[in-house]
Amino acid sequence: MAPQQSRRSFPPARQLRPVSAQEVRRLARHAGYPPAEPLVAGISRRNAPPVYARAGRTPAGRPFGEHTPVYAASLSKQVTAALVALVMRQGGLAVDEPLSRRLPELPAWADSVRLRHLLHHVGGLPADELVDRALTGDRTTAGVLAALRSLPEPARPPGTAYTYSNAGYVCLAEAVRRAAGVDLPALADDLLLKPLGLAATRFWDGPEPAPPGAEPLSPVPPAPLSLGDGGLWSTAADLLSWSDALNDSRLGVSGLLQAPGRLDDGTVLDYAWGMGVRQRHGLTVYRHGGGWPGVRNVLARVPDRGLSVVVIALDDDTDRTVKLTDSLLDLLLNEYRV
């Protein structure tokens with residue numbers, strides 16, 4: 001992690017010039033979004049109200065905006081990681097315990113996989129494409145675990161290489177559920193969502209493909225019903241509030257969540273607890289994207305400046321969401337340059 005930046009050369013947030021929705025829309029057009037395409041982009045700065053630019057309509061014909069619940073896809077991972085941290089703080093589990101302690105039905109290879117390996121995608125689990133091919137029926141937590149049981153031992157030992165793993169986060173979520181003795185949606189409500197006032201956010205594992213009131217994705221394929229790797233439904237407004245809460249460490253675990261992972265040989269990774277660790281304008285940025293057919297999103301934040309950015313688009317173009325996110329970060333961070 002980069003050393004703490006000096007704040008003496010930077011003005012406090014209340015002295016920054018206002019950022020308008022018009023500026024955000026201009027950057028959206030520059031990123032390639034036509035005016036009527038369904039998109040919501042929001043920014044939050046400490047001590048200032050959030051600013052949103054919204055456009056277009058959902059496939060159902062409703063206006064798309066910051067209060068429209070949509071599938072958050074892999075943004076679920078940082079919420080799952082926060083649950084791990086909170087249950088760990090309560091003494092319910094330890095990140096160095098073997099995966100087999102909580103999921104004894106997995107093959108023998110789970111004995112050498114630690115929960116910390118899964119947090120940072122170094123668990124050496126069977127590749128996601130193999131898991132997906134082994135699924136029978138809808139993608140559910142039970143289905144993913146059954147697929148893992150059917151696959152041979154991975155070729156790569158845990159802790160030796162970074163390989164992004166959705167299945168690893170399904171295992172993490174199930175381990176937390178069993179350790180706490182509470183279903184994941186209720187656990188998230190009690191430990192995270194209600195304390196932070198995120199009333200429009202929830203984990204959803206069916207049986208319907210989307211929770212009541214949410215904007216469903218295309219029925220082919222429907223959003224996964226597995227939890228941990230995905231399963232979270234939220235709004236742009238709630239995601240910004242979540243990001244702000246992490247910036248301010250309101251849960252008391254942000255320092256842990258932001259700690260980059262390591263391989264077993266000590267090599268530092270650019271991935272922390274459910275979020276990537278990047279540098280921009282000399283500052284540390286924590287960010288993650290998510291996507292499923294019909295939705296793309298990115299959530300990024302800069303704790304040293306109290307900044308958060310969210311972009312949600314109802315399309316399949318990851319490049320545009322990344323470009324717009326980067327442009328919004330540049331707009332905000334350039335204000336601090338001297």
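Keep in mind the model is a prediction, meaning the values are calculated, not measured.

Analysis parameters
Residues numbered from 1 in each chain as written. Predicted model: local features only at pLDDT ≥ 70, side-chain atom pairs only at ≥ 80, totals over all residues. Heavy atoms only, no water. Helix = DSSP H or I, 4+ residues; strand = E, 2+ residues; numbered from the N terminus. Expected span 1.5 Å × (residues − 1). Buried < 20%, exposed > 50% of the residue type's maximum accessible area, 1.4 Å probe, protein only. Phe/Tyr/Trp six-rings, centres within 6.5 Å; stacked < 30°, edge-to-face > 60°. Lys NZ or Arg CZ within 6 Å of the ring centre and 35° of its normal. Pairing = 2+ DSSP bridges. Axes fitted to C-alpha atoms, helices over the stretch in contact; angles between N-to-C directions. Core = buried A, V, L, I, M, F, W, Y, C linked by side-chain atoms within 4.5 Å. Contact = heavy atoms within 4.5 Å. Left-handed = near helix turned anticlockwise from the far one by under 90°. Nonpolar A, V, L, I, M, F, W, Y, C, P; charged D, E, K, R; others polar.

## Structural notes on helix 2 (residues 76–89)
Logical step 1: Under the 1.5 Å per step criterion, the end-to-end length of helix 2 is 20 Å for 14 residues, consistent within 8% with the ideal 20 Å.
Logical step 2: Within helix 2, 12 of the 14 residues are buried, leaving the element largely enclosed by the surrounding structure.
Logical step 3: At the exit of helix 2 stands G91, carrying a positive phi of roughly 90 degrees.

## Overview of the packing of aromatic side chains
Logical step 1: In the structure shown here, the tally under the stated rule is 2 aromatic pairs.
Logical step 2: With a centroid separation of 5.3 Å and 55 degrees between ring planes, the pair formed by Y71 and W233 is classed as tilted. Of this pair, Y71 sits in strand 3 (residues 70–71) while W233 sits in strand 5 (residues 232–234); the two residues are 162 residues apart in sequence, bridging distant segments of the chain.
Logical step 3: Taking the relative accessible area as the measure of exposure, Y71 reaches 3% and is therefore buried.
Logical step 4: Classification of W233 as buried rests on a relative accessible area of 2%.
Logical step 5: The positively charged end of K77 is found above the aromatic ring belonging to Y169, 5.9 Å away from the centroid.

## As for the sheet that holds strand 9 (residues 307–313)
Logical step 1: One open sheet holds the 6 strands; their spatial order is 2-1-9-8-7-6, and the pairing between them is antiparallel. Whereas interior strands pair on both sides, the edge strands pair on one side only; in this sheet they are strand 2 (51–55) and strand 6 (276–280). Adjacent strand axes in the sheet meet at a mean angle of 15 degrees when their direction is disregarded.
Logical step 2: Bridge analysis of strand 6 against strand 7 (residues 283–292) gives 5 bridges, and the strand direction is antiparallel.

## Considerations on the sheet that holds strand 3
Strand-to-strand pairing in sheets goes through backbone hydrogen bonds, with the strands running parallel or antiparallel.
Logical step 1: Spatially, 3-5-4 is the arrangement adopted by the 3 strands of the open sheet, whose pairing is antiparallel. Two strands bound the open sheet, and with one partner strand each, they are strand 3 and strand 4 (202–203).
Logical step 2: With 2 bridges joining them, strand 4 and strand 5 adopt antiparallel strand pairing. What sits directly across from F203, in strand 5, is L232.

## Focus: the nonpolar core
Logical step 1: Counting 82 residues, the largest nonpolar core has L148, L192 and W242 as the members making the most contacts within it.
Logical step 2: Setting aside residues no more than four positions away along its own chain, W242 makes contact with Q78, V79, A82, L192, L196, L198, L251 and L299.
Logical step 3: Counting 26 residues, the second-largest nonpolar core is a separate cluster that includes Y33, L39, L283 and A300.

## Regarding the packing of helix 2 against helix 7 (residues 166–180)
Logical step 1: Relative to each other, helix 2 and helix 7 sit at 35 degrees, their axes nearing to 10 Å. Crossing angle aside, the handedness with which helix 2 passes helix 7 is left-handed. The segment helix 2 lies against helix 7, with K77, T80, A81, L83, V84 and V87 engaging N166, Y169, L172, A173 and V176.
Logical step 2: Of the residues contributing to the contact of helix 2 with helix 7, the split by class is 8 nonpolar, 2 polar and 1 charged.

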